[in-house]
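Structure at a glance
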There are 2 protein chains.
Amino acid sequence: MRKINPHDFKVARRGTSREINRQIALNLIRAHQPVSRADLARLMNVRRGVASLLVSELLDEGLIFEGAVGEAVGRGRRPTFLYIDSRQRCVVGVDIRASRTYIMITDLMGHQLGVVSSFQTNKDVETLIQDLTRRIKQVLGDYKEVGACEGVGVVVPGMVDLAAGRVLHAPTLSWRDVNLREPLAAAVGIPVHIENSGKACALAQLWATRSDGLTAGNSVFVSVSDGVGTGIVMNGELLRGRHNTAGEFGHVPLSIDGPRCSCGATGCWEAYVSNLATLSRYFGRDLSEPGPRDIESSTFTVEDLIARARAGDAKALAAINSTARYLGLGLASIINAIDPARIYIGGEITTAWSLIEPIVRSALRERTLTDFGGVTEIQVVPAEEHPRLRGAVALVAAPAFAAPMVA
Amino acid sequence: MRKINPHDFKVARRGTSREINRQIALNLIRAHQPVSRADLARLMNVRRGVASLLVSELLDEGLIFEGAVGEAVGRGRRPTFLYIDSRQRCVVGVDIRASRTYIMITDLMGHQLGVVSSFQTNKDVETLIQDLTRRIKQVLGDYKEVGACEGVGVVVPGMVDLAAGRVLHAPTLSWRDVNLREPLAAAVGIPVHIENSGKACALAQLWATRSDGLTAGNSVFVSVSDGVGTGIVMNGELLRGRHNTAGEFGHVPLSIDGPRCSCGATGCWEAYVSNLATLSRYFGRDLSEPGPRDIESSTFTVEDLIARARAGDAKALAAINSTARYLGLGLASIINAIDPARIYIGGEITTAWSLIEPIVRSALRERTLTDFGGVTEIQVVPAEEHPRLRGAVALVAAPAFAAPMVA
DNA sequence: AGTATATGTTCGGCGTTTAGACAAATTCAT
DNA sequence: ATGAATTTGTCTAAACGCCGAACATATACT
């Protein structure tokens, strides 16, 4: 039950119905391909004639193509199968992180076309844009056969002003109000979309073809890494808020008297469960404070810690378990506040999921208000799936499939 | 950018465009009345002919009526003004609270028609339904001239299963899985809608005619009373979540090691800012614990406390200021998580708003991540506006104006 | 009284869904 | 092999609703 905004609405024009049905057909092909015109008509509950017309429009625009004639199940004429035309178009995804920047090239469906390449992030924006431009052009040159590039999606660990295409604040990069989209778009000559990485990850899961709309349409993505990023999807739409800064659950407190967080406040969830927090717990001191740091603690990663825990290091296990507990307590807040159908969780710590899940679950049950809150589906997204890069790609690929703005 | 759910969509039929434009016209009349057909055509950016047809359809259905001929601004034929027809239909709103239950009767626009009546809440559901039925019938008898009753809206301080019309859990009423909608509807012979009070309050603000769609469409309602209830509106739609339990920010912790909360967990925001928490702070002991309680502390209310604070009682002021600080810290979490354009806040403590606002603001700035987060608009909703009852009414009146489900 | 301007209605045009018929293609039964 | 049954995809006429323009009505200014 949505309210029509009397100051910003869209009246239905002569072509609106068609536009709606066109997008539905496109999405159904995307979700069910291979699919015939007759299948489509059945799925949409319209006459085959209508489906046929919609299909020929999509064919004309090159969004879909007719594949081989399929095998008939029973008797009767064999259907001609339709597919999303992801050939001859590609998308480049870019994931800018504090230490390294990653690049991936995919087709329009988000299927990875080559290997993920990466290079060290230069925090000077102009240099980074130069580096990026060179790399993107190189990748596009390497994969000439996949056709024209539809756009470049860039995700950053910080807040983004979508309208202006600027990064408002990215603490780990020491960026404040950085103009990123325009210069990069000008340099590569391709449209550029930028977005916060947590939001993009949530978007990628929403648009993943394997996702069922019901759960993915009401979900939260939690990424636990150097910081904690979250993206919220409700009613099939990404929650942006007034300034596109919604979803910062990482800075909701567990204890306002808790440890200092990178954001300046104290006791944020992030200050309990970030990789640095987990390592600090293991080394028994606050690694975020400036001060002497031995060689081990400066190169030692959470993955190393997990390896030690699996090898039987009790102290390592205790540090991880502690993080698991705080993870569960924070997830409980998300569940109480948002009540998602599913939570996606990514980050290094999830490689230890089999170890920590029982602890996360029990902490979660401890603080969720309802019984069904306690059993909220949690799905680990492994790093190999490159959730952030997929998010970057989704920024470019998803709009073509989105529902038209209506009413 | 919404994703079309491939398992639950609505194709555009021949009449869909009409339906969309009809609702837009209805909403524009609601928002701009008195308004002429020609005004409507200009607002919608369609030909007068189309507007005229939409209007005659709405006239036929009795949703609007033609008022007196208006005065022309310049020269030319004078317009005939159109109005939402809120005559001959009424709505009853019911607010069930732990101590008392309130009833109000309004027209379809939510304009109060008579005084708010109330009676003591009997926590036995069957008795309460009997009481309610008698009272509702009495009120409808008293206001016969306002015509047939379109429906009864009921708000309860607890979680509601919308599909089943049951109250899943209402702690202050000691209700668990109580069947409320069906029996009440059967008893009064009128459709009944039930909802959580926080959600309903948010809905009422969204649909308030004076609200501008942009801010009210991205807002959070926070009600601070015996408990803390919140309702979230995003993109002009109430956030329900998977089980209609979204929005329980009252049980997001400030400190997991904090005081025990009524929900069983510890350190919930509610445990810091509820009326009981504020009073406990004043009396210097935990009033929620069973034990000896002197006469004063059992009848003393937050309003009394505020009166003392205004009269110069330093201890009272300190207790209120403390609550103000915690209030701000919790609101900061909401802002970080949701980034609403506006926060509505109701409850007894807001009668001291002039005293506490600076403290709330400073606490809020302390924990909000962005500068614009710190200046998020906060609007006090005074008790005299009966936000919960308005919410109850909105449950019945709003659906007629909602955007049609499309795509 | 005549002209200019605004409101509200009417009518043909056109695009889109709707319903149904038809040709083409394929399998199964005879 | 042949015909019936079935499925796919196309095509046509009808209904519906937006689009554009013309027209009647009503009012004010000159």
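Notes on the structure follow. (Residues numbered from 1 in each chain as written. Chains lettered and ligands numbered in written order. Predicted model: local features only at pLDDT ≥ 70, side-chain atom pairs only at ≥ 80, totals over all residues.)

1. Overview of the overall build of chain A
Scanning chain A from N- to C-terminus turns up 15 helices and 15 strands. For 407 residues, the compact-globule formula gives about 22 Å, and the C-alpha radius of gyration of chain A, at 23 Å, lands near that figure. Expressed along its principal axes, the backbone C-alpha trace of chain A runs to roughly 75 × 50 × 50 Å. Put simply, chain A has 407 residues, and 50% of those count as buried. (Helix = DSSP H or I, 4+ residues; strand = E, 2+ residues; numbered from the N terminus. Rg over C-alpha atoms; globule rule 2.2 N^0.38 Å. Buried ≥ 20, exposed ≤ 12 C-beta atoms within 10 Å, placed from the backbone.)

2. As for the interface of chain A and chain B
Taken together, the contact between chain A and chain B spans 74 residues of the former and 74 residues of the latter. If you list the elements that add at least two residues to the side of chain A that touches chain B, you get α1 (16-32), α6 (197-207), α7 (213-216), α12 (314-338), α13 (353-367) and α14 (371-374) of chain A. Per-class residue counts for the side of chain A that touches chain B are 40 nonpolar, 23 polar and 11 charged. (Contact = placed C-beta atoms within 7 Å. Nonpolar A, V, L, I, M, F, W, Y, C, P; charged D, E, K, R; others polar.)

3. Side note on the sheet that holds strand β15 (residues 377-380) of chain B
Residues and elements named next belong to chain B. The strand order across the open sheet built from 5 strands is β13-β12-β11-β14-β15, with neighbouring strands paired in mixed fashion. One side of each edge strand has no neighbouring strand; the edge strands of this open sheet are β13 (237-238) and β15. With 4 bridges connecting them, strand β14 (residues 342-346) and β15 associate as parallel partners. For I345, the partnering residue across the bridge sits in β15 and is V380. Seen against the sheet, helix α6 (residues 197-207) touches β11 (219-224), β12 (228-234), β13 and β14 and runs at an angle of roughly 40° to β12. (Pairing = 2+ DSSP bridges. Axes fitted to C-alpha atoms, helices over the stretch in contact; angles between N-to-C directions.)

4. Considering the protein's contact with DNA strand C
Around DNA strand C, the surrounding shell holds 31 residues, and the nearest of these are R75(A), R13(B), R37(B), G49(B) and G76(B). Those elements giving two or more residues to the surface near DNA strand C turn out to be α1 and α3 (48-60) of chain A together with α2 (37-44) and α3 (48-60) of chain B. (Near = placed C-beta within 6 Å.)

5. Section: the relation of the copies chain A and chain B
Note that the two copies of the chain are related through a rotation about an axis and a translation along the same axis. With an RMSD of 0.1 Å, chain A superimposes on chain B once it is rotated by 180° and translated 0.0 Å along the axis. Both copies are brought into coincidence by an operation consistent with a two-fold rotation axis. Identified as the residue of chain A closest to the rotation axis by C-alpha distance is S255(A), at 1.8 Å. Interface residue correspondence from chain A to chain B reaches 100%, placing this contact among same-surface, isologous pairings. (Least-squares fit on C-alpha atoms with pLDDT ≥ 70 in both.)

6. Comments concerning the sheet that holds strand β15 (residues 377-380) of chain A
All names here are of chain A. Overall, mixed pairing links the 5 strands, which are arranged β13-β12-β11-β14-β15 in an open sheet. Across the chains shown, the open sheet's two edge strands, defined by having one partner strand only, are β13 (237-238) and β15. Looking at chain direction, strand β12 (residues 228-234) and β13 are connected through 2 bridges and run antiparallel. Following the sheet pairing, V233 is matched in β13 by L238. Along the sheet, α6 contacts β11 (219-224), β12, β13 and β14 (342-346); its crossing angle with β12, the most-contacted strand, is approximately 40°.

7. Overview of unusual backbone geometry
All names here are of chain A. The step from Q33 to P34 runs through a cis peptide bond, and the omega angle for that step is 0°. Tracing the backbone shows P34 in the loop between α1 and α2 (37-44). Although it is not a glycine, N45 adopts a positive phi angle of roughly 60°. Among the residues examined, N45 registers 9 C-beta atoms within 10 Å and is labelled exposed. With phi around 65°, A407 is a residue other than glycine that occupies positive phi space. When the 23 C-beta atoms within 10 Å are taken as the criterion, A407 is described as buried.

8. Structural notes on the protein's contact with DNA strand D
Inspection of the region around DNA strand D gives 30 residues, with R13(A), G49(A), G76(A), R77(A) and R75(B) positioned closest. When contributions to the surface near DNA strand D are tallied by element, the ones reaching two or more residues are α2 and α3 of chain A together with α1 (16-32) and α3 of chain B. In the surface near DNA strand D, the residues fall into 7 nonpolar, 11 polar and 12 charged.

9. Observations concerning helix α15 (residues 387-397) of chain B
Summarising burial for α15(B): 11 of the 11 residues are buried, a large majority. Packed against the buried residues of α15(B) are β3 (89-96), β4 (100-107), β6 (148-156), β10 (192-196), α6 and β14 of chain B.

10. Focus: the environment of H7(A)
One can find H7(A) in the segment before α1. Note on H7(A): 11 C-beta atoms within 10 Å, which makes it exposed. C-alpha of H7(A) to C-alpha of K123(A): the two residues are 116 residues apart in sequence and 41 Å apart in space. Residues within four places of H7(A) in sequence aside, it is in contact with D212(B), G213(B) and L214(B).

11. Some thoughts on the pairing of β11(B)
Residue and element names in this part refer to chain B. Counting buried positions along β11 yields 6 of 6 residues, so the element is predominantly enclosed. The alternating pattern of β11 places S219, F221 and S223 on one face and V220, V222 and V224 on the opposite face, and all of these are buried. Counted along the chain from β11 to the antiparallel partner β12, the turn is 3 residues long. By the bridge criterion, 5 bridges tie β11 to β14 in an arrangement that is parallel.

12. So, the packing of α6(B) against α15(B)
Residue and element names in this part refer to chain B. Orientation of α6 relative to α15, taken along the N-to-C sense of each, is 75°, at an axis distance of 7 Å. Judged by the angle between their axes, α6 and α15 are roughly perpendicular. Between α6, through S197, A200, C201, L203, A204 and W207, and α15, the contact on the second element is made entirely by P387, R388, R390, G391, A392, A394 and L395. Split by residue class, the contact of α6 with α15 holds 9 nonpolar, 2 polar and 2 charged. (Parallel < 35°, antiparallel > 145°, perpendicular 65-115°, else oblique.)

13. A few points about α13(A)
Since there are 3.6 residues in each turn of an α-helix, residues three or four apart along the chain are aligned in direction. Residues and elements named next belong to chain A. Spanning 15 residues, α13 covers 20 Å between terminal C-alpha atoms, matching the ideal 21 Å at 1.5 Å per step. Inspection of α13 places I356, V360, A363, L364 and R367 among the buried residues, and these make up the whole buried set. Where α13 is buried, its residues meet α12 and α14. (Expected span 1.5 Å × (residues − 1).)

14. Some thoughts on the environment of Y282(A)
Along the chain, Y282(A) turns up in helix α9 (residues 275-283). Residues Y282(A) and I320(A) lie 38 residues apart in sequence; the distance between their C-alpha atoms is 8.3 Å.

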